[in-house]
Amino acid sequence: MANLADLAVGQEVAVLVRETGVANWNRYAAVNDEFVPIHMDEAAGRTAGFTGPIGMGNLQWAYYHNMLRGWLNGAGRIEQMNLKFSNPNLSNTVVTLKATVSAIESGADGQTRVTVALTADDDQARRLSSGDAVVSIPSAG
């Protein structure tokens, strides 16, 4: 993580890139017991109106958490996260998740709360999800 004093509103602080598809979703499903046909089967995805299977929304949550925890590098914690899903994560795409500082607030409790705007886009320039998160970082001093 960058020095807290160096953070500024508008600064991009984290990026995570993931290739997605049935093989990735199958591993996630195995850990979470989420073997739902729409995430595994071409025909089920088409029946639901998509071009094939689609990724799990909860997996995007996990991607965001991984990105933010990686950025914090043990120096803080995620307090809150809100997401809105706009488009499905289609099979065989690359998803890029980003976090950009939108507010910085020092608290009386010795924590600085950084609000970050979150976005996930695929390699077809489609916005998959967006939202925000608040992370707390110990204030220097």
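Report follows, based on the coordinates. Since this is a predicted model, take the numbers as computed values, not measurements.

What counts and what doesn't
Residues numbered from 1 in each chain as written. Predicted model: local features only at pLDDT ≥ 70, side-chain atom pairs only at ≥ 80, totals over all residues. Heavy atoms only, no water. Helix = DSSP H or I, 4+ residues; strand = E, 2+ residues; numbered from the N terminus. Buried < 20%, exposed > 50% of the residue type's maximum accessible area, 1.4 Å probe, protein only. Salt bridge = Lys/Arg side-chain N within 4 Å of Asp/Glu carboxyl O.

## A short note on the environment of Gly-74
Here Gly-74 lies in the loop between helix 4 (57–72) and strand 2 (77–85). For Gly-74, a relative accessible area of 77% gives the class exposed. Along the primary structure Gly-74 and Asp-33 are separated by 41 residues, whereas in three dimensions their C-alpha atoms are 29 Å apart.

## Quick notes on the pattern of salt bridges
Tallied over the full model, the rule gives six salt bridges. Among the ionic pairs, Arg-46 bridges to Glu-42, the shortest N-O distance being 3.4 Å. One end of the pair, Arg-46, and the other, Glu-42, are both in helix 3 (residues 42–47), four residues apart, so they sit about a helical turn from each other. For Glu-42, a relative accessible area of 36% puts it in the partly exposed group. Note that Asp-121 is salt-bridged to Arg-127, the shortest N-O span being 2.5 Å. On the basis of relative accessibility, which here comes to 22%, the residue Asp-121 falls in the partly exposed class. Of the residues examined, Arg-127 reaches a relative accessible area of 36% and is grouped as partly exposed. Each of the salt bridges in this network shares a partner with another, and the network as a whole consists of Arg-77, Glu-79, Asp-109 and Arg-113.

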